[in-house]
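In case you want the letters, here they are:
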Amino acid sequence: MIELEGVPELVDPVMVAAFEGWNDAGDAASTAVAHLDKEWKGEVFAALDAEDYYDFQVNRPTVFVDGGVRKITWPTTRLSVIRVGGDKPRDLVLVRGIEPSMRWRSFCNELLGFAHELGVELVVVLGALLGDTPHTRPVPVSGVTSDPDLATRMNLEETKYEGPTGIVGILQEACTHAGVPAVSLWAAVPHYVSQPPNPKATLALLNRLEDLIGLQIPLGELAEDARAWQLGVDQLAAEDSEVAEYVQSLEEARDTAELPEASGEAIAREFERYLQRRDPGAGPGGHATDGGDGSSHLRDNPSGRTRPPKPPRPESDDGDE
């Protein structure tokens, strides 16, 4: 049994998790959880034993010097708690780590043990995948669940994905079997500019998380970083006509696919979301969907061609596992 000392009773807690590795294209998901931890000053209360879950030849420990003393940081998964006040207080339990190398069932059971002890009412797992999506358009974010009732209640997609999966898919299924409501949010990252960071995808995940859990998230400089990122990729793409042509083809395909959504109902729904996110005090929790970190660069092509290939993706377009 997991015993938690020093962790106060939480209010309507939600567990938000993300894992570096296969499920984290552009580091978008892990950066989103790191942003929450930084902006709300999360307090770490637990760390899983690295010996149990990681192959240190795959995820190597690092050595650093602190005050003249050499220390080692081991790859692991840490849990922190955030107390969110306001008119409708709601606390968060953040789970941030690296996709484990082994014993995935035990890993998920240990996280669920913490969730049970803390009274977690909903688990949200963030992920990011490579997709045929242009960097110039809003980042697609899919919300999926294995629970048909939850899908209806929270306006989510019921997962129909079949194929290889990562720890995000395994944890969601473990939650479902344990009777814990669980949702996965997936951001699609352009495969031709997959290097981290991708603040535009991180921002899109946080905006969707806001809608899902009913909390206004302070965005800090993330919106500005997202704009800078997009401008940087625009400039790089404009320097090569073949890349620019490829991006244009993705834009046309995306716009054509979304034409049926340009209905009065869809526009009204988006406007309602905008009004919900507005901050009358012009505080840090505003909403934006574009921008970035101009240091990103187009993905290298080993074949020597400028146009990026379409690599096999670990996830389907549904983005559920």
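Residues numbered from 1 in each chain as written. Predicted model: local features only at pLDDT ≥ 70, side-chain atom pairs only at ≥ 80, totals over all residues. Heavy atoms only, no water.

**Things to note about the nonpolar core**
Counting 42 residues, the largest nonpolar core has Val 16, Leu 36, Leu 92, Val 124, Leu 126, Leu 185 and Ile 213 as its most contacted members. Take this core: its biggest share by element is eight residues, from helix H6 (residues 199-213). Setting aside residues up to four positions removed in sequence, Val 16 forms contacts with Val 33, Leu 36, Leu 92, Val 93, Leu 94, Val 95, Val 124, Leu 126 and Leu 209. With 37 residues, the next largest nonpolar core counts Ile 98, Leu 118, Val 123 and Trp 186 among its residues. (Core = buried A, V, L, I, M, F, W, Y, C linked by side-chain atoms within 4.5 Å. Buried < 20%, exposed > 50% of the residue type's maximum accessible area, 1.4 Å probe, protein only. Helix = DSSP H or I, 4+ residues; strand = E, 2+ residues; numbered from the N terminus. Contact = heavy atoms within 4.5 Å.)

**A look at the pattern of salt bridges**
Enumeration over the complete set of coordinates arrives at five salt bridges. When the shortest N-O distance is used, the salt bridge between Asp 66 and Lys 71 registers 3.1 Å. Owing to a relative accessible area of 37%, Lys 71 belongs among the partly exposed residues under this scheme. One salt bridge in this structure joins Glu 224 and Arg 227, with 3.0 Å as the shortest N-O distance. Remark: Arg 227 and Glu 224 occur in helix H7 (residues 222-238); sequence separation between them is three residues, near one turn of the helix. (Salt bridge = Lys/Arg side-chain N within 4 Å of Asp/Glu carboxyl O.)

**Section: the side chain of Glu 99**
When you line up the elements, Glu 99 lands in the loop between strand S6 (92-98) and helix H3 (104-118). Despite its burial, Glu 99 remains without a salt bridge, the nearest opposite charge being carried by Arg 105 at 14 Å. Leaving out residues up to four positions away in the same chain, Glu 99 has contacts with Phe 19, Glu 20, Trp 22, Asn 23, Tyr 54, Asn 59, Trp 104, Gly 166 and Ile 167. (Lys, Arg positive; Asp, Glu negative; His and termini not counted.)

**Side note on the environment of Gly 214**
Inspection of the secondary structure assignment puts Gly 214 in the loop between H6 and H7. When the C-alpha positions of Gly 214 and Arg 90 are compared, they lie 8.9 Å apart, and in sequence the two are 124 residues distant.

**Observations regarding the environment of Asp 147**
Residue placement: Asp 147 occurs in the loop between strand S8 (141-145) and helix H4 (148-153). We classify Asp 147 as partly exposed; its relative accessible area is 28%. For the pair Asp 147 and Glu 157, spaced 10 residues apart in sequence, the C-alpha to C-alpha distance is 9.4 Å. For Asp 147, the side chain forms a polar contact with the main-chain nitrogen of Asp 149, separated by 2.9 Å. (Polar contact = N/O pair within 3.5 Å; in protein donor to acceptor, adjacent residues only side chain to side chain.)

**Here we look at the sheet that holds strand S7 (residues 122-131)**
Sheets are built from strands that pair by backbone hydrogen bonding, the pairs being arranged parallel or antiparallel. The strand order across the open sheet built from eight strands is S2-S5-S6-S1-S7-S10-S8-S9, with neighbouring strands paired in mixed fashion. The outermost strands of the open sheet, each flanked by one partner alone, are strand S2 (43-47) and strand S9 (157-158). Note: S8 against strand S10 (residues 182-190), four bridges, orientation antiparallel. Looking across to S10, one finds that Val 141 is bridged to Ala 187. H6 rests against strand S1 (14-20), S6, S7, S8 and S10 of the sheet, and its axis sits at about 155 degrees to S10. (Pairing = 2+ DSSP bridges. Axes fitted to C-alpha atoms, helices over the stretch in contact; angles between N-to-C directions.)

**A look at empty space enclosed by the protein**
One way to see where empty space is left: roll a probe the size of a water molecule over the atoms. Taken as a whole and judged by the stated rule, the model has one cavity of 30 Å³ or more. Each pocket or cavity is described by its volume, and for the largest cavity that value is around 30 Å³. Lining the largest cavity are Thr 133, Pro 134, His 135, Arg 137, Val 139, Pro 140, Pro 190, Asn 198, Lys 200 and Trp 229. Of the residues assigned to the lining of the largest cavity, the class counts are five nonpolar, three polar and two charged. (1 Å grid on protein atoms, 1.4 Å probe; cavity = no way out; pocket = protein on both sides within 12 Å on 5 of 7 lines; lining within 4 Å. Points joined across faces, edges and corners; volume = space filled by probe spheres on them. Nonpolar A, V, L, I, M, F, W, Y, C, P; charged D, E, K, R; others polar.)

**Section: H3**
Taking 1.5 Å per residue as the helical rise, H3 with its 15 residues ought to reach 21 Å, and the 21 Å between its terminal C-alpha atoms agrees with that figure. When H3 is considered as a whole, its buried residues turn out to be Phe 107, Cys 108, Leu 111, Leu 112, Phe 114, Ala 115 and Leu 118. The buried residues of H3 occupy an angular sector of 155 degrees when the element is viewed end-on, so they sit on one face. Structural note: H3 exposes Arg 105, Asn 109 and His 116 on the side pointing more than 90 degrees away from its buried face. Summarising the contacts, the buried residues of H3 are in contact with S1, S2, helix H2 (50-53), strand S5 (77-82), S6 and helix H5 (167-177). Looking one or two residues beyond H3, the residue adopting positive phi is Gly 119, at roughly 75 degrees. (Expected span 1.5 Å × (residues − 1). Arc of directions from axis to C-beta.)

**A closer look at the packing of aromatic side chains**
Two descriptors summarise a pair of aromatic rings, namely the distance from one centre to the other and the angle between the planes of the rings. Taken as a whole and assessed by the stated rule, the structure comprises five aromatic pairs. Their ring planes at 85 degrees and their centres at 5.3 Å tell us that Tyr 53 and Phe 107 sit as a pair that is edge-to-face. With Tyr 53 in helix H2 and Phe 107 in helix H3, the pair connects residues that are 54 residues apart, well separated along the chain. Given the relative accessible area of 4%, Tyr 53 is considered buried. With a centroid separation of 4.9 Å and 50 degrees between ring planes, the pair formed by Phe 56 and Trp 74 is classed as tilted. Of the two residues, Phe 56 sits in the loop between H2 and strand S3 (62-66) while Trp 74 sits in the loop between strand S4 (69-73) and S5, which places them 18 residues apart along the sequence. Overall, Trp 74 belongs to the partly exposed group, its relative accessible area being 39%. Grouping aromatic residues by their ring pairs yields a cluster made of Phe 19, Tyr 53 and Phe 107. (Phe/Tyr/Trp six-rings, centres within 6.5 Å; stacked < 30°, edge-to-face > 60°.)

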